[in-house]
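Survey of secondary and tertiary structure
Okay, here's what each chain looks like letter by letter:
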Amino acid sequence: MMKKDFIKYKVKSNDSLSSIAFRMNMNKHDLKEFHNQNCGKMDKLWFESLRGVEFILIPIDYVSKEEQEDQLQKRLPSVQDLVLFHAGEYNITENIQELNKDQLEFNYKVNIEIEQKTTQIIAKTRQKNFKKNNCTPDDKVSSLALACMETVSPIPFIISPHGKISSFAGHKTLVQNFKDNQTAIRDFFTGAPSKAYIDLFYENISNEKYFLKQISSTLLNEVLFPDINWFSRKSSWVERFKIYHNSFSLKFDFNAEYFHENIEYVETVIKGIIAENCSLHELIKGSRFENEKQEDSINTSIEIHYFTNKFTKQLAEASATICICNRNELFYKHHLNLKTQK
């Protein structure tokens, strides 16, 4: 904003609003606005011509709107800040509400280790300390799933130049780690259902493309590894986003807003509205069908809030909410919050 410190400039016969503004490296509209806001009982400026105007108030330390925007933009993360964007650990809370199902809450921690190589950024992530509805999962299926994931953790990802997960860093090693540890898992989790789960898990992680898609499209990783360009968007854009487990991604119209009022953090708000027709039947089945009625299309919104440090550009906190409505009734709501470990 323009400061209230100013000089009282005496208008010369050949002066105009534009000529004075040009000499002061100002926009003439900003000059007029500043003068009119601070002139008190002096003559206000209404026209380009300064005939009859004796003095103009000119700010001493003028910052144009363009310069203001540039200064504010420098407080937001950019591609130069990717290595420092993440903290080492986050506390995660996920709430899932689905029609005709019990509401679920998951709490866990995520450790992130970032390694800068010559031409790549590697992010290794490990999830731990899982709780389901405030209790440590002790059922056989949950325990088996956690044990299988632990054998391939930490999962190493290559981060794209824009911040998103692009591929695994050593997929063969990841699969080999599971093979080396599966005997102990099979010995502990006995029975046909456990064997079937372990076999399917091995099949899924062995399919690099499939496993990468499943891991990278979780709401956690979509939020934790965003396109860094989200923090500099000036206009709306179209992007695909996965909103429901074991389904396909959909096109959304996104826009971004930035709030700088907080002393320590910038809040970036990303909002998305679905940009293509998709029925609830298609979403649940994870497949497209012919002759789906447009009136059966779901109504879906995404809202993500990022809080990044103005000085370090590090992600301190984020929250995301996905809402899926069908025929004006809430079908599915997924809320995620992540916060740095204090």
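Scope of this entry: the structure provided in the associated data block. Keep in mind it's a predicted model, so treat the numbers as computed, not measured.

Another point: the sheet that holds strand S9 (residues 250–259). Pairing is antiparallel across the open sheet formed by eleven strands, whose spatial order is S7-S6-S5-S4-S3-S13-S12-S11-S10-S9-S8. The open sheet terminates on both sides in strands that have one partner only, identified here as strand S7 (165–168) and strand S8 (237–241). Averaged over all pairs of adjacent strands, the angle between strand axes in this sheet comes to 25°, irrespective of strand direction. Relative to S9, S8 runs antiparallel, the two sharing five bridges. Bridge assignment links Glu 239 to a residue of S9, and that residue is Phe 252. The strands that helix H7 (residues 208–216) touches are strand S6 (155–159) and S7; relative to S7, the one it contacts most, it runs at about 140°.

Let us look at a negative patch on the surface. The grouping of Glu 66, Glu 67, Glu 69 and Asp 70 at the surface amounts to a negative patch. Locating Glu 66 in the fold gives a position in helix H3 (residues 65–73).

What follows deals with the packing of helix H4 (residues 140–151) against helix H6 (residues 192–206). At a closest axis distance of 11 Å, the pairing of H4 and H6 adopts a crossing angle of 30°. In terms of orientation, H4 and H6 fall into the roughly parallel class. In this structure, H4 crosses over H6, and the sense of that crossing is right-handed. On H6, the residues that touch Lys 140, Leu 144, Ala 145, Cys 148 and Met 149 of H4 are Ser 194, Tyr 197, Ile 198 and Phe 201.

Along the polypeptide, Thr 300 turns up in strand S11 (residues 299–309). Residues contacting Thr 300, with those up to four places away along its chain left out, are Ile 243, Phe 252, Gly 272, Ile 273, Ile 274, Cys 323 and Ile 324.

With that settled, the discussion passes to unusual backbone geometry. In the segment running from Ser 153 into Pro 154, the intervening peptide bond is cis, with an omega of 0°. By secondary structure assignment, the location of Pro 154 is in the loop between H4 and S6. Its identity as a non-glycine residue notwithstanding, Asn 100 has a phi of 65°, on the positive side. Along the chain, Asn 100 falls in the loop between strand S3 (89–98) and strand S4 (104–116). The phi torsion at Asn 134 lies on the positive side, around 70°, for a residue other than glycine. Along the chain, the position of Asn 134 falls in the loop between strand S5 (121–132) and H4. Classification of Asn 134 by relative accessible area gives exposed; the value is 57%.

Calculation criteria
- Residues numbered from 1 in each chain as written.
- Predicted model: local features only at pLDDT ≥ 70, side-chain atom pairs only at ≥ 80, totals over all residues.
- Heavy atoms only, no water.
- Pairing = 2+ DSSP bridges.
- Helix = DSSP H or I, 4+ residues; strand = E, 2+ residues; numbered from the N terminus.
- Axes fitted to C-alpha atoms, helices over the stretch in contact; angles between N-to-C directions.
- Contact = heavy atoms within 4.5 Å.
- Patch = residues over 30% accessible without salt bridge, like charges linked within 9 Å, V, L, I, M, F, W, Y side chains within 5 Å.
- Areas by Shrake-Rupley, 256 points an atom, 1.4 Å probe, with all protein chains shown as cover.
- Salt bridge = Lys/Arg side-chain N within 4 Å of Asp/Glu carboxyl O.
- Lys, Arg positive; Asp, Glu negative; His and termini not counted.
- Charge placed at Lys NZ, Arg CZ, Asp CG, Glu CD.
- Parallel < 35°, antiparallel > 145°, perpendicular 65-115°, else oblique.
- Left-handed = near helix turned anticlockwise from the far one by under 90°.
- Buried < 20%, exposed > 50% of the residue type's maximum accessible area, 1.4 Å probe, protein only.

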